[in-house]
Amino acid sequence: MIPGPTPVPEKVLQAMSQHPIGHRSGEFQSIVERTNAQLKWLHQTNNEVLVITGSGTAAMEAGIINTLSQGDKIICGDNGKFGERWVKVAKAYGLDVITIKSEWGQPLDTNEFKSQLEEDKNKTIKAVIITHSETSTGVINDLETISKLVKAHGEAIMIADCVTSLGACNVPMDKWGIDVIASGSQKGYMMPPGLSFVAMSERAWTRYEKSNIAKYYLDLGPYKTTAKKNSNPFTPAVNLYFALEQSLSMMQSEGLESIFKRHSKHSAAAQSGMKAMGLKLFAAENHGSPAITSVEPENIDAELLRKEIKKRFNILLAGGQDHLKGKVFRIGHLGFVSDRDLLTAISAIESTLQSLGLLTTEMGQGFIAASKVLNE
Ligand SMILES: Cc1ncc(COP(=O)(O)O)c(C=O)c1O
C-alpha cells in the first residue's frame, strides 16, 4: 500500500517471465505497435507517447531538455518533493526558474499562475511545469485550470508530471491541451519500475526543433522517428514491454471511467476511514489525490505506527519524506488495488492503533466509515 512501486497483477508478472526476444524482430515490432496505440488510449491523445528505459525522473528530464533552451524563463510549481525535483532538474540545465510555491499539504494557487502569465506581456515565459498529483503530500493540483491559463498566454508550453495521476484520474492530454506528460511504469500502470513515458504535443515538437540543450540518450527525436516504425532507438527493456502490453490490456478491459471511479472511491474511503478513527488528513480538504492519502496522526510517531503495521500485518505504508518523516504516513491506493486491500489496510491501522493504546475513538469506526463509502 505504497504509492509505487505498486502491486503487480499475476498476469503481468507471468507475461514478463518469458524469454526475451530480439528487439528488431517482427514479433517485437507488433508488440510496440500495439502498446503505442494503447498508450495513446491511456493518455487520451493522438500524439505519440514515447517509451524510455528509465524511471519517471528520466521522463521528466527528457520533457525539459527536449523542449527548452538554456536561459529560458519558466515557471515551476513547487508544493512538495516532486515539485522541488522539477526545479532542480530545470536549474541543472541552466533554465531561469520562477518558482510558485505552496506549503506542503496545500495545492498550488492557480491565481498566482494567472497573474504571472498575464503580467508577461513580452511572452518571455517559455514553459509552465507542475506536478499533477504530488505524491509526497497526497495533494492533487489543478492541472486543467493551469493548462487553460497556459493556453491563454499563447507562448508557454504546459509540462506536467502525471506520474501518480495517469491511470488514477482523468488526464485528457488533447482536451486539456497539455504539451508534455511524464509518467512511470511502477505507478498506475501496475508494472514493475523500469519504463517511463513522455507524450509530446505538436507544439512541444516545434520547441524541440529550437532546443539547444545537449542531449543524447534522452534526445526524443530518434524515439519519435523509430516509434513511427514501431521500434526504439536503443535496446528497450523487452520484458517490460511484455508487461506493458498485458497491463494496458487489463486497463482497457476495465475501462478508463471505471478505473477513475475506483480510484476516487478508494481515496474517499481512505479519507473517511482515517477521519472516523480520529486521524487528521495532511492534504487540504477537497484536494486529496486519488492515488495517495496522506495522514498526519497528532501525538503519534508515524514511523513507529508504520513499523508495527508492517511487523504485525505485513502491510507496508509509505512514510513522510524530508521534514515530514515521523509526522505523516501515506496510504497508496494506486493501480492494482481492490476494496479488499483498502479495507484490510484500514483495519490494520485501526487495530495497530488499538494495540499501541493510541486509538482515541471506538474500535471499528474507521472500518465502518470506509466500508460505507465503498458500498455507496
Ligand atoms: C509525482 C512523482 N513524480 C516523479 C516520480 C519519479 O520518480 P522515479 O524517478 O523514482 O520514478 C515519482 C515517483 O515516486 C512521483 O511520485
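Model, not experiment: these values are computed from the prediction.

Along the chain, the position of Asp-72 falls in the loop between α3 (56-65) and β2 (73-78). We note that Asp-72 is buried and unpaired, the nearest opposite charge coming from Lys-126 at a distance of 6.0 Å. Among the polar contacts made by the side chain of Asp-72, one reaches the main-chain amide nitrogen of Ser-69 at a distance of 2.8 Å. Residues within four places of Asp-72 in sequence aside, it is in contact with Leu-95, Asp-96 and Lys-126.

Pairing in this open sheet of four strands is antiparallel, and the strands run β10-β11-β13-β12 from one edge to the other. Looking along the sheet, the strands with just one partner apiece sit at the ends: β10 (280-281) and β12 (318-319). Here β12 pairs with strand β13 (residues 329-332) via two bridges, running antiparallel. Residue Gly-319 lies in a different strand from β13, and its bridge partner there is Phe-329.

Okay, helix α8 (residues 202-210) next. Buried within α8 are the following residues: Ala-204, Trp-205, Arg-207 and Tyr-208. Viewed along the axis of α8, the buried residues span an arc of 155°, placing them on a single side of the element. Exposed residues lying more than 90 degrees from the buried face of α8 are Glu-202, Glu-209 and Lys-210. Buried-residue contacts for α8 involve β1 (49-53), β4 (125-131), β7 (157-161), β8 (180-184), β9 (195-200) and α9 (220-228).

Quick look at the packing of aromatic side chains now. Within the structure shown, the criterion is met by six aromatic pairs. Note on Phe-28 and Tyr-241: the rings are 5.1 Å apart at their centroids and 75° apart in plane angle, and the pair reads as edge-to-face. Separated by 213 residues along the polypeptide, Phe-28 in helix α2 (residues 26-43) and Tyr-241 in helix α10 (residues 238-254) bring together distant segments of the chain. Relative to Phe-234, the ring of Tyr-216 lies with its centre 6.2 Å away and its plane at 50°, an arrangement referred to as tilted. Placement of the pair is Tyr-216 in the loop between α8 and α9 and Phe-234 in the loop between α9 and α10, with a sequence separation of 18 residues. Judged by its relative accessible area of 23%, Phe-234 falls in the partly exposed class. Chaining the aromatic ring pairs together yields one cluster made of Tyr-216, Tyr-217, Tyr-223 and Phe-234. The residue whose ring lies beneath Lys-224 is Trp-205, and the NZ or CZ to ring-centre distance is 4.4 Å.

Attention now goes to the site of the ligand. Around the ligand, the surrounding shell holds 14 residues, and the nearest of these are Ser-55, Thr-57, Thr-135, Asp-161 and Lys-187. At a separation of 2.5 Å, an oxygen atom of the ligand approaches a polar side-chain atom of Thr-135. Considering the ligand on its own, with 390 Å² of exposed area, one finds that the protein chains cover 86% of that surface. Judged by its atoms lying within 2 Å of the grid points, the ligand is housed in the largest pocket. Contributions of two or more residues to the shell around the ligand are made by α3 and α4 (81-92). Examining the composition of the shell around the ligand, we find that three residues originate from one element, α3, more than from any other. Residue composition of the shell around the ligand, grouped by class: three nonpolar, eight polar and three charged.

Along the chain, Val-295 falls in strand β11 (residues 292-296). The sequence separation of Val-295 and Gln-271 amounts to 24 residues, and the corresponding C-alpha distance is 8.6 Å. With residues near it in sequence (within four places) discarded, Val-295 still touches Met-274, Leu-279, Lys-280, Phe-282, Lys-327, Val-328, Phe-329 and Ile-331.

Turning our attention to the domain arrangement of the chain. The domains assigned to the chain are domain 1 (10-254) and domain 2 (256-375). One C-alpha centre belongs to domain 1, the other to domain 2, and the line joining them spans 28 Å. Every contact between the two is made by 28 residues of domain 1 and, on the other side, 24 residues of domain 2. Carbon and sulfur atoms supply 64% of the area that domain 1 and domain 2 bury against each other, a total of about 2300 Å² over both sides. Area buried by domain 1 at its contact with domain 2 is led by Trp-104, Ala-168 and Glu-254, which between them contribute 26% of it. Taken together, the connections running from domain 1 to domain 2 amount to two salt bridges. The partner of Arg-262 in a salt bridge is Glu-254, with the nearest N and O atoms 2.8 Å apart. Elements represented by at least two residues in the side of domain 1 that touches domain 2 include exactly α2, α4, β6 (139-140) and α10.

Conventions used here
Residues numbered from 1 in each chain as written. Predicted model: local features only at pLDDT ≥ 70, side-chain atom pairs only at ≥ 80, totals over all residues. Heavy atoms only, no water. Helix = DSSP H or I, 4+ residues; strand = E, 2+ residues; numbered from the N terminus. Buried < 20%, exposed > 50% of the residue type's maximum accessible area, 1.4 Å probe, protein only. Lys, Arg positive; Asp, Glu negative; His and termini not counted. Salt bridge = Lys/Arg side-chain N within 4 Å of Asp/Glu carboxyl O. Polar contact = N/O pair within 3.5 Å; in protein donor to acceptor, adjacent residues only side chain to side chain. Contact = heavy atoms within 4.5 Å. Pairing = 2+ DSSP bridges. Arc of directions from axis to C-beta. Phe/Tyr/Trp six-rings, centres within 6.5 Å; stacked < 30°, edge-to-face > 60°. Lys NZ or Arg CZ within 6 Å of the ring centre and 35° of its normal. Near = heavy atom within 4 Å. Areas by Shrake-Rupley, 256 points an atom, 1.4 Å probe, with all protein chains shown as cover. 1 Å grid on protein atoms, 1.4 Å probe; cavity = no way out; pocket = protein on both sides within 12 Å on 5 of 7 lines; lining within 4 Å. Sits in = over half its atoms within 2 Å of the grid points. Nonpolar A, V, L, I, M, F, W, Y, C, P; charged D, E, K, R; others polar. Domains from an automatic or database assignment. Buried area = accessible area lost by both parts, 1.4 Å probe.

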